[in-house]
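An overview of the molecular structure
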Amino acid sequence: MADIADGEQLSVQGSGSKPYILKNTGGVYSCSCPAWRNQSVGIERRTCKHLRRVRGDAAENARIGADAAGGATPPPRAAKSASASDDTKAPPLLLAQSWENDVDLTDWWMSEKLDGVRAYWDGKQFWSRLGNPFLAPEWFTAGLPDFPLDGELFGGRKRFQRTVSVVRRQDRSDDWKELSFVAFDAPGVEGTFEARLERCRQWMEDTRPAYAKWHEHARCGGTAHLREELARVEALGGEGLMLRQPGSRYEAGRSHTLLKVKSFKDDEARVVGHVAGAGRHKGRLGALEVELRNGKRFSVGTGLSDAERAAPPPVGAIITFRYQELSNDGIPRFPSYVGVRVDAAPFTAS
């Protein structure tokens, strides 16, 4: 069967007079037809009859994980929350709360907040926060332990979107050489955070896997030390800081034992439209029209590269954006695009 080269597009005739456009962007295939656009799964797992006509059923099934073997076995389920569905496959991850200057963080464990993709290693393979498999090559996972690790697939500071484009590929490509797995916890190890982090350190230093390492932490000396370290990390292009309570246990769900500290706020929104560009952006995207979970709509026009304006996130994609504060009407002020989320659940505004 034919294929579409990375970065290329192909026109196919549909049932109407206007042809549909098939694209391959970093191993993620898309189609402009309604059947592809209206699916409620992540964009990397969507397919349609036009893609199958060009690439074949076998290639499409392998790409989206619907192979003859029935796909990968999901990781252990997290404790079900009030908002979780009965069929959730999400791994039992510890999730952070935001620091609101209301907790004395002296002696807490401090580390850089990595601008990567959260990944759960179950002892055999990687899973996303939502329970979707990341298809890493065997040479990338060589040397990882047979017990669970919590960490991030990380491609470096200011490379979030490139990291996303690599991990959502379905072809186990050599692009994974740009990434490393940075482990910051061992959920299956009994005991305190210190004991679990030491297990990560010991394994990584004894085994020395080529594409994995442990994430170093330092004791926070107080608010002044915290502010100084935050300024240093952000000046280097980092996201912010993570603070872990000493002696804390690993628990599934959001917990105040893990706090994130950032100068800017961030959130997720669903793309609902594309605003045409003007001036130097004429002929390509000017801004994304997006919607928050609460139904508030606004435009995000900064933070997009020329390549992203030429091939913008499709309608229905979930994006991350940064902003300074909320207006009196609840609209984010000065929103800036960060990238498409591969580990965010689709949502319909309430």
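Residues numbered from 1 in each chain as written. Predicted model: local features only at pLDDT ≥ 70, side-chain atom pairs only at ≥ 80, totals over all residues. Heavy atoms only, no water.

Spatially, 1-2-3 is the arrangement adopted by the 3 strands of the open sheet, whose pairing is antiparallel. The sheet is open, and its two edges are formed by strand 1 (9-12) and strand 3 (28-31), each paired on a single side. This sheet shows a mean twist of 15 degrees between the axes of neighbouring strands, independent of strand direction. Sheet topology note: the strand 1/strand 2 (residues 20-25) ladder contains 4 bridges and is antiparallel. Pairing of L10 across the sheet is with L22, part of strand 2. (Pairing = 2+ DSSP bridges. Helix = DSSP H or I, 4+ residues; strand = E, 2+ residues; numbered from the N terminus. Axes fitted to C-alpha atoms, helices over the stretch in contact; angles between N-to-C directions.)

Where helix 3 (residues 57-64) is concerned, the buried positions are E60, R63 and I64. Taken around the axis of helix 3, the buried residues stretch over an arc of 85 degrees, which confines them to a single face. Looking at the buried side of helix 3, the elements it contacts are strand 3 and helix 2 (49-55). (Buried < 20%, exposed > 50% of the residue type's maximum accessible area, 1.4 Å probe, protein only. Arc of directions from axis to C-beta. Contact = heavy atoms within 4.5 Å.)

A few words on the nonpolar core. By size, the foremost hydrophobic cluster in this structure holds 29 residues, and its most contacted members are F126, F134, L149, L153, W176 and F181. For this core, the secondary structure elements donating two or more residues are strand 6 (117-121), strand 9 (149-154), helix 5 (160-167), strand 10 (180-185), helix 6 (193-207) and strand 11 (212-214). Non-local contacts of L153, meaning those with residues more than four positions away in its chain, are made with G116, V117, A119, F126, F134, F140, T163, V167, W176, S180 and F181. (Core = buried A, V, L, I, M, F, W, Y, C linked by side-chain atoms within 4.5 Å.)

As a further point, take the domain arrangement of the chain. For the chain, the assigned domains read domain 1 (8-63), domain 2 (94-261) and domain 3 (265-340). With 5 residues of domain 1 at the interface, the matching set in domain 3 holds 7 residues. In total, about 360 Å² of surface goes out of reach between domain 1 and domain 3, with carbon and sulfur atoms giving 68% of it. Here domain 1 is connected to domain 3 by 0 salt bridges. Seen at the junction of domain 1 and domain 3, the total is 0 residue pairs in polar contact (both at pLDDT 80 or more). Partitioned by chemical class, the residues of the side of domain 1 that touches domain 3 number 2 nonpolar, no polar and 3 charged. (Domains from an automatic or database assignment. Buried area = accessible area lost by both parts, 1.4 Å probe. Salt bridge = Lys/Arg side-chain N within 4 Å of Asp/Glu carboxyl O. Polar contact = N/O pair within 3.5 Å; in protein donor to acceptor, adjacent residues only side chain to side chain. Nonpolar A, V, L, I, M, F, W, Y, C, P; charged D, E, K, R; others polar.)

Attention now moves to the packing of aromatic side chains. Each aromatic ring pair is characterised by the separation of its centres together with the angle its planes make. The final tally for this structure, using the stated rule, is 10 aromatic pairs. The rings of W121, F126, W139, F140, W176, F181 and Y211 are connected pair by pair, giving a single aromatic cluster. The ring centre of W139 lies 5.8 Å from the NZ or CZ of K177, which sits over that ring. (Phe/Tyr/Trp six-rings, centres within 6.5 Å; stacked < 30°, edge-to-face > 60°. Lys NZ or Arg CZ within 6 Å of the ring centre and 35° of its normal.)

This part is about the sheet that holds strand 9. Taken in spatial order, the 6 strands of this open sheet run 8-7-6-9-10-11, and their pairing is mixed. A single partner strand is all that each edge strand has here, and the edge strands are strand 8 (133-134) and strand 11. Here strand 6 pairs with strand 7 (residues 126-127) via 2 bridges, running antiparallel. Bridge pairing in strand 7 links W121 to F126. Across the sheet, helix 5 touches strand 6, strand 8 and strand 9, and the angle it forms with strand 6 is around 40 degrees. Across the sheet, helix 6 lies against strand 9, strand 10 and strand 11, angled at about 150 degrees from strand 10, the strand it touches most.

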